[in-house]
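One-letter residues, chain by chain:
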Amino acid sequence: MSKKVCVLPGDGIGPEITAEAVRVLNALNLGFELESALLGGAAVDATGNPYPEATQKLAREADAVLLGAVGGPKWDGLPREQRPERGLLGIRKDLNLFANLRPAILYPELANASSLKPEVVSGLDILIVRELTGDIYFGQPRGIEMRAGERFGFNTMHYTESEIRRIGRVAFEAAQKRGKKVCSVDKMNVLETTQLWRDVMNELVPEYPDVELSHMLVDNAAMQLVRAPKQFDVLVTGNMFGDILSDEASMLTGSIGMLPSASLDARNKGLYEPSHGSAPDIAGKNLANPLATILSAAMLLRYTFALEDAARQVENAVKKVLAQGYRTGDIFEAGTRKVGTREMGDAVLAAL
Ligand code: IPM
Ligand code: MG
């Protein structure tokens, strides 16, 4: 199998953190061919397009994509189709990356970083499975126009049953490999689209007799995530609810700088990126935490290339540097050793 990885550093801290993940991939000596391209604001500046053709070509030909982060205040005033976020949504849709996996794991060494009581979050290990190419994010019609003498804004939420079924299967299969529980999140008391969501999830149950399916309304799920998050194993939900709940879940661990993500198509081609943003305020200062990106590279090894041992090796190296006391500013506490982005990368390489 070829091992082509398209690297998209993106904006803000993106280039610094992807550089460390690339060093880790190279150190494993597994024969990866890495090639970089532009995405987001960097691409807008160079070409006027947040997802330029050269990047499309490289990303389509690659087996996997490793992404830093996109966006920043510099591009906020641009028309919608030129904003960096459009590049990210564009590549997700273009590569058909419908399954977004966002784990929220509490590392014991970082228990104090959570804003919740240690007994509420200790041992936390949740997987959010977010549908990523449908829903109100992509629904047509959409826009802002004049109607009856005033401005009118509108978006459309929709899902087909096949879209729901394929993300449901991803969630059930993930649960089979972990705690065997899926909680599907919807708003069926108000929204028809999500009534269909719930119906289709229920129809999948006979295929997965070893997995327990439950349902929760999204407002309650938001509450339960901070009240008793350990009740969850796998959470599956649509694009917009998943966007919101995955940020909430990440904060249970107190350290969004630690959380990787994978966005997969039906054949495990994937885009791997940290769950956090481009943090323009600390860009270029050697302050950013590269661990979420390094852990995203571990997910790349696992999901696209089925290199489970190498994935574990990287994850264990990250656990080791935490145990050794290395901390970037975002996870620093008294008694630990504050390091920069590059030094954290050095420590991970040494631990490999
Ligand atoms: C995310 C981000 C994106 C999203 C933005 C940057 C378009 O918030 O990956 O969660 O809403 O999907
Ligand atoms: Mg988000």
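Residues numbered from 1 in each chain as written. Chains lettered and ligands numbered in written order. Predicted model: local features only at pLDDT ≥ 70, side-chain atom pairs only at ≥ 80, totals over all residues. Heavy atoms only, no water.

Orientation of helix 8 (residues 218–227) relative to helix 9 (residues 239–252), taken along the N-to-C sense of each, is 10°, at an axis distance of 10 Å. Taken together, the axis directions place helix 8 and helix 9 in an arrangement best described as roughly parallel. Contacts between helix 8 and helix 9 involve V218, A221, A222, L225 and V226 from the first element and F241, L245, E248, A249 and L252 from the second. Looking at the contact of helix 8 with helix 9, its residues break down into nine nonpolar, no polar and one charged. (Axes fitted to C-alpha atoms, helices over the stretch in contact; angles between N-to-C directions. Helix = DSSP H or I, 4+ residues; strand = E, 2+ residues; numbered from the N terminus. Parallel < 35°, antiparallel > 145°, perpendicular 65-115°, else oblique. Contact = heavy atoms within 4.5 Å. Nonpolar A, V, L, I, M, F, W, Y, C, P; charged D, E, K, R; others polar.)

All right, on to helix 6 (residues 161–176) then. End to end, helix 6 covers 22 Å across 16 residues, agreeing with the expected 22 Å (1.5 Å per residue, within 8%). If you check which residues of helix 6 are buried, you get E163, I164, I167, G168, A171, F172, A174 and A175. Projection of helix 6 onto a plane perpendicular to its axis shows the buried side chains occupying an angular sector of 160°, all on one side. Elements that come into contact with the buried residues of helix 6 comprise strand 4 (99–105), strand 5 (125–131), strand 8 (181–186), helix 7 (192–204), strand 9 (212–217) and strand 10 (234–237). (Expected span 1.5 Å × (residues − 1). Buried < 20%, exposed > 50% of the residue type's maximum accessible area, 1.4 Å probe, protein only. Arc of directions from axis to C-beta.)

Our next topic: the pairing of strand 3 (residues 64–69). It is a general feature of regular strands that their side chains alternate between the two faces of the sheet. Within strand 3, six of the six residues are buried, which leaves it mostly tucked inside the rest of the structure. With five bridges connecting them, strand 1 (residues 4–10) and strand 3 associate as parallel partners. Bridging across to strand 3, C6 finds its partner in V65. In this sheet, strand 12 (residues 270–274) lies alongside strand 3 in parallel orientation, the contact comprising three bridges. Opposite V65, over in strand 12, you have L271 as the bridge partner. (Pairing = 2+ DSSP bridges.)

According to the domain assignment, the protein chain contains domain 1 (1–100 + 256–352) and domain 2 (115–253). Note on domain 1 versus domain 2: buried area summed over both sides is about 1,300 Å², and carbon and sulfur give 63% of it. Counting the surface domain 1 buries against domain 2, the share from its top three residues, K93, F98 and N100, is 46%. The interface formed by domain 1 and domain 2 includes zero salt bridges. Among the secondary structure elements, those contributing two or more residues to the side of domain 1 that touches domain 2 are helix 4 (84–94) and strand 4. A class-by-class count of the residues in the side of domain 1 that touches domain 2 yields six nonpolar, three polar and two charged. (Domains from an automatic or database assignment. Buried area = accessible area lost by both parts, 1.4 Å probe. Salt bridge = Lys/Arg side-chain N within 4 Å of Asp/Glu carboxyl O.)

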